[in-house]
Amino acid sequence: MTVIDDTEEHNSRSRSGIARALAVIDAVARAPHAQGVSVIARETELPKAVAHRILRELVAGNFLAFEEDTKAYRLGPGALTIGLAAMRELDIATVAHRHLVALSERTGQTTTLSLRQGWSRVYVDQVLSRQEIRMSVALGTSHPLHAGSSSKAILAALPDSEVEDYIDHHRLDSVTDATITSAATLREEIAVIRATGYAVSVGERQVEAASVAAALHGPIGQVVGSVSVCGTKAMFSEASSSQLGEWVTSAADNISADLGSVRDTAGERKDAP
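Quick caveat: nothing in here was measured; it's all calculated off a predicted structure.

Another point: the overall build of the protein chain. Broken down by element type, the protein chain carries 9 helices and 8 strands. Sorting the 273 residues of the protein chain into buried and exposed places 42% on the buried side. Of the contacts formed within the protein chain by residues at least 6 apart in sequence, a portion of 58% connects residues at least 24 apart. Accessible surface for the protein chain amounts to roughly 14800 Å². Of this, 53% is attributable to carbon and sulfur atoms.

Here you go:
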C-alpha cells in the first residue's frame, strides 16, 4: 500500500511558490528601470502567465507598483518599508570585516575600511598585516576626498556633478608633497581610477606609505566607503599595484554584494538625464 503525505507535497508546492515570488522580486529590484512582464519572465525563466500572476499578487500586496503608461513594474511602498528597515539594521563594518581578514591574508598587507561622511571619509576598521614591518591607521580619523587611495576611490565613484561640486567648493590642500592639489590633475586621476576600477596612492597621505583602494556601494547603489590594502612604499611596485588592484576590487565587489548593492553599471558614475 502506498501512502501519500499530502502535507509534504503541499509544503513543497508552497516553497516553490515562495521561491518563484522571490525570483520575481529580485528581478525587479536589480533592474535599473521598471520592467515589463515579458522581460521579468525571461529573467526568472518563468512562463509569462506565471510571472504575470505573481506580479499581480505583489502589486495587490503593495510590494510592487505597476506603471499604467509603460505597462512596467517597479518596487512599491511595501518593498521600500522593508528595505529601509534592513538598512537601519545594516552594520557595514561587521559585514566587511571577514572580507578584510581574507584580503589581508591574501596580500600579506594591512587592510582598511573607510566610510564616507559627507565630503570626507573616516577609518572605521583595519586588519593588521602579520609582517614585522607593517602599516597601521588611526581609526576614527577623518580625511579629505582628494588625498590617498581610500579617499580618491570614493570620490571617483561619485556622480560627475558631485565630483565637480567637491572640486569647486573645497580647497585641495596638500597633506604631503605628493598630494594632488591641482583640479586638472585630480580630474585626470579620477578618469584613471574609473578606467581601472581602483585608486593608487604613493606617499599622498603619509610620506612612506602606499596603498590601493576600491569603492564600496550600498543597497541602492550609493557610495558608502572604500576598502584598501596598505603598506610601505618599499612593499609596492607598479606590477604589485596592478595585482593588488584586482584583489582589492574583488573584495570591494564582494562586500558591496553582501550590503545588497544594486547598481546600473551602464550608467555608473554618470548623472541621470
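What follows is about the packing of helix 2 (residues 37–44) against helix 3 (residues 48–60). If you want to describe how two helices pack, look at the angle between their axes and the distance between the axes. Put simply, helix 2 and helix 3 touch, their axes get as near as 9 Å, and they point 110 degrees apart. With respect to helix 3, the element helix 2 is oriented roughly perpendicular. You can see that helix 2 and helix 3 cross each other, and the crossing is right-handed. For the pair helix 2 and helix 3, the contacting residues are Val37, Ser38, Ile40 and Ala41 in the first and Lys48, Ala51, His52 and Leu55 in the second. Classifying every residue of the contact of helix 2 with helix 3 gives 5 nonpolar, 2 polar and 1 charged.

Turning our attention to the pattern of salt bridges. Evaluation of the coordinates by the stated rule reveals 10 salt bridges. Put simply, Lys71 and Glu68 hold a salt bridge, and the shortest N to O gap is 3.3 Å. For Glu68, a relative accessible area of 53% gives the class exposed. Arg116 is paired through a salt bridge with Glu162; the nearest N and O atoms lie 3.4 Å apart. With Arg116 in strand 3 (residues 110–117) and Glu162 in helix 7 (residues 160–169), the pair connects residues that are 46 residues apart, well separated along the chain. Using a relative accessible area of 24% as the deciding quantity, one classes Arg116 as partly exposed. Counted as one network, the salt bridges with shared partners bring together Lys152, Glu189 and Glu204.

Across soluble globular proteins, nonpolar side chains show a tendency to be buried alongside one another. Judged by nonpolar contacts, the single largest core of 22 residues is most densely connected at Leu103, Leu113, Val212, Leu216, Val227, Val248 and Ile255. Taken together, the elements giving at least two residues each to this core come down to helix 5 (92–107), strand 3, strand 7 (209–217), strand 8 (223–232) and helix 9 (238–258). Broken down by element, this core gets its largest block of residues, 5 residues, from helix 9. Among residues more than four places away in sequence, those in contact with Leu216 are Leu113, Gln222, Val223, Val224, Gly225, Ser226, Val227, Ala252, Ile255 and Ser256. Judged by nonpolar contacts, the second largest core, of 19 residues, contains Ala157, Leu158, Ala199 and Ala215.

Moving on: empty space enclosed by the protein. For the structure on display, the rule yields 1 cavity of 30 Å³ or more. When its volume is computed, the largest cavity comes out at roughly 150 Å³. Considering every element that reaches the lining of the largest cavity, the biggest residue donor is strand 7, with 3 residues. Taken together, the residues of the lining of the largest cavity sort by class into 6 nonpolar, 7 polar and 3 charged.

For the protein chain, per-residue confidence averages 84 on the pLDDT scale, and 86% of positions sit at 70 or higher. By mean pLDDT, helix 1 (residues 6–30) is the weakest element of the protein chain at 66, and helix 6 (residues 149–157) is the strongest at 96. Long-range and interchain partners of residues 1–15, a stretch whose pLDDT sits below 50, account for 1 contact in this model, where long-range means more than four residues apart. Low pLDDT, under 50, characterises residues 264–273; the predicted model gives this stretch 14 contacts beyond four residues in sequence or across chains.

Of note, the phi angle at Asn62 is positive, near 70 degrees, even though the residue is not glycine. Tracing the backbone through its elements, the reader meets Asn62 in the loop between helix 3 and strand 1 (64–67). Of the residues examined, Asn62 reaches a relative accessible area of 42% and is grouped as partly exposed. The phi dihedral of Lys71 is positive, around 55 degrees, even though this residue is not glycine. Along the polypeptide, Lys71 turns up in the loop between strand 1 and strand 2 (72–75).

A word on the packing of aromatic side chains. The tally for this structure, following the rule as stated, stands at 2 aromatic pairs. When the ring of Phe66 is compared with that of Tyr73, the centres are 4.8 Å apart and the planes differ by 45 degrees; the resulting orientation is tilted. On the basis of relative accessible area, Phe66 is assigned to the partly exposed category, the value being 30%. Residue classification places Tyr73 among the buried positions, given a relative accessible area of 6%. Geometrically, the ring pair formed by Trp119 and Tyr166 is tilted, given 5.7 Å between the ring centres and 45 degrees between the ring planes. Of the two residues, Trp119 sits in the loop between strand 3 and strand 4 (120–127) while Tyr166 sits in helix 7, which places them 47 residues apart along the sequence. Using a relative accessible area of 27% as the deciding quantity, one classes Trp119 as partly exposed. Overall, Tyr166 belongs to the buried group, its relative accessible area being 2%. The lysine or arginine in question, Arg121, covers the ring of Tyr123, its NZ or CZ lying 4.3 Å from the ring centre.

Rules of the game
- Residues numbered from 1 in each chain as written.
- Predicted model: local features only at pLDDT ≥ 70, side-chain atom pairs only at ≥ 80, totals over all residues.
- Heavy atoms only, no water.
- Helix = DSSP H or I, 4+ residues; strand = E, 2+ residues; numbered from the N terminus.
- Buried < 20%, exposed > 50% of the residue type's maximum accessible area, 1.4 Å probe, protein only.
- Contact = heavy atoms within 4.5 Å.
- Areas by Shrake-Rupley, 256 points an atom, 1.4 Å probe, with all protein chains shown as cover.
- Axes fitted to C-alpha atoms, helices over the stretch in contact; angles between N-to-C directions.
- Parallel < 35°, antiparallel > 145°, perpendicular 65-115°, else oblique.
- Left-handed = near helix turned anticlockwise from the far one by under 90°.
- Nonpolar A, V, L, I, M, F, W, Y, C, P; charged D, E, K, R; others polar.
- Salt bridge = Lys/Arg side-chain N within 4 Å of Asp/Glu carboxyl O.
- Core = buried A, V, L, I, M, F, W, Y, C linked by side-chain atoms within 4.5 Å.
- 1 Å grid on protein atoms, 1.4 Å probe; cavity = no way out; pocket = protein on both sides within 12 Å on 5 of 7 lines; lining within 4 Å.
- Points joined across faces, edges and corners; volume = space filled by probe spheres on them.
- pLDDT = per-residue confidence, 0-100.
- Phe/Tyr/Trp six-rings, centres within 6.5 Å; stacked < 30°, edge-to-face > 60°.
- Lys NZ or Arg CZ within 6 Å of the ring centre and 35° of its normal.

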